[in-house]
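Results of the structural survey
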Amino acid sequence: MFTIYKYPLDIKDEQEIEVPYNNKVLHVGFDGNKQLCVWIQIDTNAYLVPLTFYIVGTGNPMPKDTVVDYIGSVHDNNTNPNVTFIWHVFKAIEFQAQR
């Protein structure tokens, strides 16, 4: 069955989450609890695979030696209402060997 799940992300340079294979990242943003999350379309019958996400603040270096796909950018003034941070979220692209 295909459905959409919400997965929380920490605001840190790199992290890995496990999601079902055959997934599609749909959106990144803050939920109602001010938690950074990514919404992913998944197949609940598929086996789990790791997805690596990178969160890069404006002006900070991009991930090196990694091919990434841009997911989206979010405005964050949750920790300090006087300062807005912009976080840019990327997903590592995994290449499958051809058989």
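Scroll up a little and you will see the structure.
Residues numbered from 1 in each chain as written. Predicted model: local features only at pLDDT ≥ 70, side-chain atom pairs only at ≥ 80, totals over all residues. Heavy atoms only, no water.

Counting its regular elements, the protein chain contains 0 helices and 7 strands. The helix and strand sequence of the protein chain, counted from the amino end, reads β-β-β-β-β-β-β. Each principal axis of the C-alpha atoms in the protein chain carries an extent, and together these give about 50 × 35 × 15 Å. A burial count over the protein chain gives 33% of its 99 residues as buried. Pairs at least 24 apart in sequence give 60% of the contacts found in the protein chain among residues at least 6 apart. Accessible surface, the protein chain: about 6800 Å² in total, of which carbon and sulfur atoms supply 49%. (Helix = DSSP H or I, 4+ residues; strand = E, 2+ residues; numbered from the N terminus. Buried < 20%, exposed > 50% of the residue type's maximum accessible area, 1.4 Å probe, protein only. Contact = heavy atoms within 4.5 Å. Areas by Shrake-Rupley, 256 points an atom, 1.4 Å probe, with all protein chains shown as cover.)

Let us look at the nonpolar core. Core analysis: the largest hydrophobic core is formed by 16 residues, its most contacted members being Y7, L9, I17, V38, I40 and F53. For this core, the secondary structure elements donating two or more residues are strand 2 (14-20), strand 3 (24-30), strand 4 (36-43), strand 5 (48-57) and strand 7 (85-92). Looking at which element gives the most residues to this core, the answer is strand 4, with 4 residues. Dropping the residues within four chain positions of it, Y7 is found in contact with I17, E18, V19, P20, L36, C37, V38, I40 and I42. (Core = buried A, V, L, I, M, F, W, Y, C linked by side-chain atoms within 4.5 Å.)

Here the focus is the pattern of salt bridges. A complete count under the given rule lists 1 salt bridge for this structure. A salt bridge links D31 to K6, with the shortest nitrogen-to-oxygen separation between them at 2.9 Å. Pair noted here: D31 is in the loop between strand 3 and strand 4 and K6 is in strand 1 (residues 2-8), with a separation of 25 residues, a long-range link. (Salt bridge = Lys/Arg side-chain N within 4 Å of Asp/Glu carboxyl O.)

Its place among the elements puts V28 in strand 3. Sequence separation of V28 and I71 is 43 residues, and the distance between their C-alpha atoms is 6.9 Å. When residues no more than four places from it in sequence are discounted, the contact partners of V28 are L36, C37, V38, W39, I71, G72, S73, V74 and V89.

In spatial order, the strands read 2-5-7-6; together these 4 strands make up an open sheet with antiparallel pairing. On the outer flanks of this sheet lie strand 2 and strand 6 (68-76), each paired with one strand and no other. Direction aside, the axes of adjacent strands within the sheet are offset by 30° on average. Bridge analysis of strand 2 against strand 5 gives 7 bridges, and the strand direction is antiparallel. Paired with I17 across the strands is L51, a residue of strand 5. (Pairing = 2+ DSSP bridges. Axes fitted to C-alpha atoms, helices over the stretch in contact; angles between N-to-C directions.)

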